[in-house]
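Summary of structural features
In case you want the letters, here they are:
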Amino acid sequence: MNYFEQLIDKKIFSFNDLFNMVGNVTSTKELISKYLRKGYISRVKKNLYVANNLETKQPIASKFMIASRIADDSVVSGLSALEYYGYYNQVRNDVFVMSETRFRNFEFNGINYKRSNLKLKSGIDKINKFLTITDLERSLIDVIKDLNKFVDLEEINNILELIPGLNEEKIKKYLDQYNIQYLYQKTGYLLENYKEELNLSKEFFDYLK
């Protein structure tokens, strides 16, 4: 159990992470097999593992933490980021992840991890060593861009009703970086009804037009 305490601290780890502790390939493979058999850890996907709570046998890492470790450049994004921030409260079994590194969508512990290509590298926050996520404004723009793909108009309005305020400059920055004409129009249309609640200025909407 001496290595398990270190794995608890890591929460999520790869074969190489454990190998760096053990120092021997054969011993590392044996330890992984032993921990899997005893329920100390679970295999998330090939070469990715999560430490379990010994009482419940459930992962100690949240689905957002797991998503952040799927690849070195994984980012929790879009609707999942809004869920993490507390602005989307529908029950879903999906976590949306952006990355340049390709990986196949997969299911673990009842959650579907779904990848899309990371097109913009701005608006990404590293909350702590366990979580990398798009900021509020970037997350909202990404959801608006894919409106009706993951959420409908009623759901996006429910999200906007919960958000206390937005940073105009960040929204303009991400829209300019995407540089998609219809996205300016959709964003302006959706935010117009919440301009007072979100503290958005006339100049902001003039810019979108």
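Before reading further, recall that the structure is shown in the block above.
Predicted model only: the values in this text are computed from it and were never measured.

**Looking at the side chain of Asp-142**
- Tracing the chain through its elements places Asp-142 in helix H6 (residues 136-145).
- Asp-142 gets classed as buried once you look at its relative accessible area, which sits at 3%.

**So, helix H5 (residues 78-85)**
- Of all eight residues making up H5, six are buried, and the element is well covered by its neighbours.
- All buried positions along H5 are accounted for by Gly-78, Leu-79, Ser-80, Ala-81, Leu-82 and Glu-83.
- Tucked into the core, H5 has its buried residues touching helix H4 (63-68), strand S4 (75-76), strand S5 (94-99), strand S9 (131-134), H6 and helix H7 (153-162).
- Positive backbone phi, approximately 95 degrees, marks Gly-86, located one or two places after H5.

**Thoughts on the pairing of strand S7 (residues 111-117)**
- Summarising the sheet, S5 and S7 pair through six bridges and their orientation is parallel. Following the sheet pairing, Ser-99 is matched in S7 by Asn-117.
- Where strand S6 (residues 106-108) and S7 come together, three bridges link them in antiparallel fashion. When the bridges of S7 are listed, Glu-107 appears paired with Asn-112.
- Linking S6 to S7, which pair antiparallel, is a turn of two residues; within it Asn-109 sits at a positive phi near 55 degrees.

Rules behind the numbers
- Residues numbered from 1 in each chain as written.
- Predicted model: local features only at pLDDT ≥ 70, side-chain atom pairs only at ≥ 80, totals over all residues.
- Heavy atoms only, no water.
- Helix = DSSP H or I, 4+ residues; strand = E, 2+ residues; numbered from the N terminus.
- Buried < 20%, exposed > 50% of the residue type's maximum accessible area, 1.4 Å probe, protein only.
- Contact = heavy atoms within 4.5 Å.
- Pairing = 2+ DSSP bridges.

The analysis is restricted to geometry; functional conclusions fall outside its scope.
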